[in-house]
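# An overview of the molecular structure
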Amino acid sequence: MHIVVCIKQVPDPSQARIDRETGMVIREGVDKITNPFDLYALEEALRLKEAQGGKVTALSMGPPAAAEVLRDAIAMGVDHGVLLSARGFAGADTLATSYTLAQAIRRLADVHLIICGKQAADGDTAQVGPGLAANLDIPHITQVRKIAQITKESLQVERLTDTGYEAIEVNLPAVITVVKEINEPRLPGLRGMMRAKKAEIQVWGPEEIDADETRIGLKGSPTQVWRTFEPEIHRKGEMLTGTPSEQAAALWERLRAL
Amino acid sequence: MDYFLTEEQQMIKELAARIADEKIKPVAAELDEKEEFPWELMEVLAESDLFAVWVPEEYGGLGGGVFEQALVVEELSRACSGVAVSYAASGLGSFPILMFGSEAQKQQYMPDIANGKRLAAFALTEAGAGSDVSGITTTATLDGDEYVLNGTKQWITNGGEADIYTVIAVTDKTKGARGASAFIVEKGTPGLSFGKKEKKLGIRASSTTEVIFENCRIPKENRLGREGMGFIIAMKTFDKTRPGIGAQAVGIAQGALDEAVQYARQRVQFDQPISSFQGIQFMLADMATQVEAARALVYSVARLVDSGARDVSKAAAMAKLFASDVCMKVTVDAVQILGGYGYMREYPVEKMMRDAKITQIYEGTNQIQRSIIALELIKEAARKSK
Ligand SMILES: Cc1cc2nc3c(=O)[nH]c(=O)nc-3n(C[C@H](O)[C@H](O)[C@H](O)COP(=O)(O)OP(=O)(O)OC[C@H]3O[C@@H](n4cnc5c(N)ncnc54)[C@H](O)[C@@H]3O)c2cc1C
């Protein structure tokens, strides 16, 4: 089984600052780490590999310095790291990123499962996982909290919802995004860290992944961030008063009206 | 301070620090309260390959030595020295095998110790034999192809939890200092059992028990080195491990200093942070200076021991003595700086003060360390005046 984990280098959220004028995350002078949600994706891939055999490739798009997060992934036990890094990739929104990652996965070939973190801690969009699946024309399941069963052909998972969970089965290959309830990520070992230091990180540009120049980087990114805000949830509570039988009658009326 | 660590040593230190901060600190108080052996944390240390740092590569290790182990022990001790000593005792139990074991013994035991699958322990002390190790009465009698062990060891760190015990026992009472030998005894051997877990002042996460031998038969091949070398093996082992106790002391002291500095910046009395009072500042300055001096000595001695130098007993004793005395003083002062809050279990420094005390006692009390140092001084002087 070949599992690809998409990981992103992000500014350490514990040191996060936002530029009030532009509404953008300030990236300068902040330590860069692996997107915390991606650690759960890496851990799940490593557990599947330990149980089923196979290999795990970590894939990232970013500046040359993003090779660090791939080395950290190798230190945890990942077999290979591939970095998508070129001037042409810069300025990508989630649409361009999904396309670019998908092209790289095409090139990797023979991929059974793609695991992403639930979302990136800097952009918080949670769009790249599903976007990747759309580009590859394969199914996706977001918010996976448990992998119940996996074979070469299919996957059964539990997916976290607002009210509980859904049990879903899909055919492979597929994309899943995982939530932090799924596992507890391991720390690297010394042997892994030493291997990671020497490991060769493959760097691919637009040619290597046969990318359409108009769909990558700034050129392939139509998104304009207007404003970021947390949507309000409109839920209104109503207290029914009166004697118990009056309350029951009032409730009955309300339910009937629905 | 920059101690010019190699890239690999830096990596070891950083990983140990990360485990200390992320995995150990959050549970240290609970482990202390419950006096529970930290198996989960031992597994974390094993998975991170930290048990491999002092083991040569040919026996499944990463090829470091006393210094690398000291770096780990120091970092772990910052968070909880009960956890750190459980880790370090595996080194204490394994150095006799590394130094005096046959090729076959090393091949048999060291890989499992290096990958953390099995813990080791070292059993010398008995009820009547503490500082005076020559007072041990546990016997090992050769019977055909087997030694038969009888007697009770006391206060053995990792007792009951470890799988591999290095045991010093009397093989020939008439030979005095040359009458003891060292043996490897595996848990599960019939006739080997463990007493109850001791209730202690500090390092309460660690296990300290009696190790009891009742007609415990082990193959002759389990003897380490020649017959009669038992006490020499013990002393050479302590030369390797006393810098580690020094590192434990430095770690505890650093942890206490860090807490004291943080607290002094936040605690306001007389409308100002207590860190603005010179009385507090001078205490902090002395604490920091002492901790750094202890660290410098421990690191130098650990490197000296690893260099293969002969006659390191004096230096090893100094590292253990100085660092543990500093540790005691610094932790007492840390409690003082935190005042009443420092005395409460909600804050970590009272535990550090309790944990500090053992570093002045085990692997030879500090009186014994001073005796070792003084005797060496006198011997050296006598040699020179000849
Ligand atoms: C928590 C814990 C863990 C331990 N772990 C281990 C272990 O894993 N393996 C093991 O073998 N042992 C272990 N020990 C034993 C430890 O090494 C001994 O306790 C220590 O060597 C001191 O011996 P004692 O306690 O019998 O003190 P004693 O020897 O009875 O000493 C009592 C006092 O007299 C002083 N004293 C004794 N002789 C002299 C002298 N000649 N000159 C001046 N002062 C002297 C001592 O310094 C001390 O202050 C452990 C002990 C403890 C408490």
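Keep in mind it's a predicted model, so treat the numbers as computed, not measured. (Residues numbered from 1 in each chain as written. Chains lettered and ligands numbered in written order. Predicted model: local features only at pLDDT ≥ 70, side-chain atom pairs only at ≥ 80, totals over all residues. Heavy atoms only, no water.)

## Section: a nonpolar patch on the surface
- Judged by side-chain polarity, B:Tyr341, B:Tyr343, B:Met344 and B:Tyr347 come together as a nonpolar surface patch covering roughly 450 Å² of accessible area.
- Topologically, B:Tyr343 is positioned in helix α8 (residues 313-343). (Patch = residues over 30% accessible without salt bridge, like charges linked within 9 Å, V, L, I, M, F, W, Y side chains within 5 Å. Areas by Shrake-Rupley, 256 points an atom, 1.4 Å probe, with all protein chains shown as cover. Salt bridge = Lys/Arg side-chain N within 4 Å of Asp/Glu carboxyl O. Helix = DSSP H or I, 4+ residues; strand = E, 2+ residues; numbered from the N terminus.)

## As for the sheet that holds strand β4 (residues 55-61) of chain A
All names here are of chain A.
- Taken in spatial order, the nine strands line up as β9-β8-β7-β10-β6-β1-β4-β5-β11 in an open sheet, and their pairing is mixed. The outermost strands of the open sheet, each flanked by one partner alone, are β9 (165-171) and β11 (202-204). Here the strands of the sheet are splayed against their neighbours by 35 degrees on average, with no regard to which way each runs.
- Two strands pair when backbone bridges link them, and strand β8 (residues 154-160) and β9 are joined in this way by seven bridges, in the antiparallel orientation. Directly across from Val 157, in β9, lies its bridge partner Ile 168.
- Against the sheet, helix α4 (residues 128-136) contacts β1 (2-6), β6 (113-117), β7 (140-150) and β10 (174-178), and its axis sits at roughly 155 degrees relative to β6. (Pairing = 2+ DSSP bridges. Axes fitted to C-alpha atoms, helices over the stretch in contact; angles between N-to-C directions. Contact = heavy atoms within 4.5 Å.)

## Quick word on the site of the ligand
Residue and element names in this part refer to chain B.
- Close contacts around the ligand come from 19 residues, with Thr 125, Ser 131, Trp 155, Thr 157 and Thr 365 the closest.
- Note that a nitrogen atom of the ligand is positioned 2.8 Å from one of the backbone N or O atoms of Phe 122.
- In this structure, Thr 157 approaches the ligand through a side-chain N or O atom, which is 2.8 Å from a nitrogen atom.
- Contact with the protein chains hides 64% of the accessible area of the ligand, taken as 970 Å² for the molecule alone.
- With three residues, the single largest contributor to the shell around the ligand is strand β3 (residues 146-157).
- Of the residues in the shell around the ligand, the class split is nine nonpolar, eight polar and two charged.
- In terms of domain composition, the shell around the ligand takes at least three residues from each of domain 2 (121-230) and domain 3 (232-379). (Near = heavy atom within 4 Å. Polar contact = N/O pair within 3.5 Å; in protein donor to acceptor, adjacent residues only side chain to side chain. Nonpolar A, V, L, I, M, F, W, Y, C, P; charged D, E, K, R; others polar. Domains from an automatic or database assignment.)

## Observations concerning the packing of aromatic side chains
Residues and elements named next belong to chain B.
- Under the defined criterion, the tally for this structure stands at 13 aromatic pairs over all chains.
- The interplanar angle of 70 degrees and the centroid separation of 6.4 Å between the aromatic rings of Phe 51 and Trp 54 together place this pair among those described as edge-to-face.
- Residue classification places Phe 51 among the buried positions, given a relative accessible area of 0%.
- Between Tyr 341 and Tyr 347 the ring centres are 5.7 Å apart and the planes differ by 65 degrees, which places this aromatic pair in the edge-to-face class.
- Judged by its relative accessible area of 38%, Tyr 341 is partly exposed. (Phe/Tyr/Trp six-rings, centres within 6.5 Å; stacked < 30°, edge-to-face > 60°. Buried < 20%, exposed > 50% of the residue type's maximum accessible area, 1.4 Å probe, protein only.)

## Focus on the domain arrangement of chain B
Residue and element names in this part refer to chain B.
- Parsing chain B into structural domains produces domain 1 (7-119), domain 2 (121-230) and domain 3 (232-379).
- The C-alpha-based centres of domain 1 and domain 2 are spaced at 22 Å.
- Carbon and sulfur atoms make up 56% of the surface buried where domain 1 meets domain 2, a total of about 2,300 Å² over both sides.
- For the domain 1 face of the interface with domain 2, the top three residues by lost area are Glu 35, Tyr 109 and Leu 119, together amounting to 27%.
- The residue Asp 163 makes a salt bridge to Arg 118 at a minimum N-O spacing of 3.9 Å.
- At the boundary of domain 1 and domain 2, one finds 13 residue pairs in polar contact (both at pLDDT 80 or more).
- For the side of domain 1 that touches domain 2, the elements supplying multiple residues, two or more each, are α1 (7-34), α4 (81-100) and α5 (103-114). (Buried area = accessible area lost by both parts, 1.4 Å probe.)

## Details of α5(B)
Residue and element names in this part refer to chain B.
- In this model, α5 (twelve residues) spans 16 Å end to end at C-alpha, consistent with the 16 Å of a helix rising 1.5 Å per residue.
- Those residues of α5 not exposed but buried are Gln 105, Lys 106, Tyr 109, Met 110, Ile 113 and Ala 114. One face of α5 carries all of its buried residues, which in axial projection span an arc of 130 degrees.
- Those residues of α5 hidden inside the fold are in contact with α4, β1 (120-123), β4 (164-170), β5 (180-186) and β8 (223-224).
- Gly 116 sits one or two positions beyond α5 and adopts a positive phi of about 75 degrees. (Expected span 1.5 Å × (residues − 1). Arc of directions from axis to C-beta.)

## Looking at the packing of α4(B) against α5(B)
Residue and element names in this part refer to chain B.
- With their axes 10 Å apart at the nearest point, α4 and α5 run at an angle of 155 degrees to one another. Considered as vectors, α4 and α5 are oriented roughly antiparallel to each other. Regarding α4 and α5, the two cross each other, and that crossing is left-handed. Across the interface between the two elements, Ser 90, Ser 94, Ile 97, Leu 98 and Phe 100 from α4 touch Gln 105, Lys 106, Tyr 109, Met 110 and Ile 113 from α5.
- For the contact of α4 with α5, a count of residues per class yields six nonpolar, three polar and one charged. (Parallel < 35°, antiparallel > 145°, perpendicular 65-115°, else oblique. Left-handed = near helix turned anticlockwise from the far one by under 90°.)

## Here's the deal with the side chain of A:Thr177
Residue and element names in this part refer to chain A.
- Among the structural elements, Thr 177 can be located in strand β10.
- For Thr 177, a relative accessible area of 3% corresponds to the buried category.
- Apart from residues lying up to four places away in sequence, Thr 177 is in contact with Cys 116, Gly 117, Lys 118, Gly 129, Ile 141, Thr 142, Gln 143 and Val 144.

## Some details on the pattern of salt bridges
Residues and elements named next belong to chain B.
- As enumerated under the stated definition, the model contains 38 salt bridges over all chains in all.
- Where Arg 118 meets Glu 186, a salt bridge forms, and the shortest distance between an N and an O atom there is 2.8 Å. Here Glu 186 lies in strand β5 and Arg 118 lies in the loop between α5 and β1, a separation of 68 residues in the sequence.
- Residue Glu 198 is joined to Lys 196 by a salt bridge in which the shortest nitrogen-to-oxygen separation is 3.8 Å.
- Among the ionic contacts, a cluster of salt bridges with common partners joins Asp 32, Glu 35, Lys 199, Arg 204, Glu 350 and Arg 354.

## Topic: the nonpolar core
- By size, the foremost hydrophobic cluster in this structure holds 161 residues, and its most contacted members are B:Leu50 and B:Tyr87.
- For this core, the element with the most residues is helix α6 (residues 230-266) of chain B, which contributes 14 residues.
- For B:Tyr87, the contacting residues outside a window of four places in its chain are B:Met42, B:Leu45, B:Leu50, B:Phe51, B:Val53, B:Trp54, B:Gln69, B:Val72, B:Val73 and B:Leu76.
- By size, the runner-up hydrophobic cluster in this structure holds 25 residues, among which are A:Cys6, A:Ala104, A:Leu108 and A:Ile114. (Core = buried A, V, L, I, M, F, W, Y, C linked by side-chain atoms within 4.5 Å.)

## Regarding the interface of chain B and chain A
- On the side of chain A, eleven residues touch chain B, which itself brings 19 residues to the contact.
- Roughly 1,300 Å² of surface becomes buried between chain B and chain A when both sides are summed, with 65% attributable to carbon and sulfur atoms.
- In this assembly, chain B and chain A are joined by three salt bridges.
- A salt bridge links A:Lys197 to B:Glu7; the nearest nitrogen and oxygen atoms lie 3.2 Å apart.
- Run the count over chain B and chain A and you get six residue pairs in polar contact (both at pLDDT 80 or more).
- The set of elements that each furnish at least two residues to the side of chain B that touches chain A consists of α1 and α2 (39-47) of chain B.
- For the side of chain B that touches chain A, the leading source of residues is α1(B), giving nine residues.
- Tallied by class, the residues present in the side of chain B that touches chain A amount to nine nonpolar, three polar and seven charged.

## So, unusual backbone geometry
- Of the consecutive residues A:Leu172 and A:Pro173, the connecting peptide bond is found in the cis state with omega at 0 degrees.
- Within the fold, A:Pro173 resides in the loop between β9 and β10.
- A positive phi angle is found at A:Ala109, which is not glycine, with a value near 60 degrees.
- With respect to the helices and strands, the residue A:Ala109 is situated in the loop between α3 (94-108) and β6.
- On the basis of relative accessible area, A:Ala109 is assigned to the partly exposed category, the value being 36%.
- Although it is not a glycine, B:Asp49 sits at a positive phi angle of roughly 70 degrees.
- Judged by its relative accessible area of 13%, B:Asp49 falls in the buried class.

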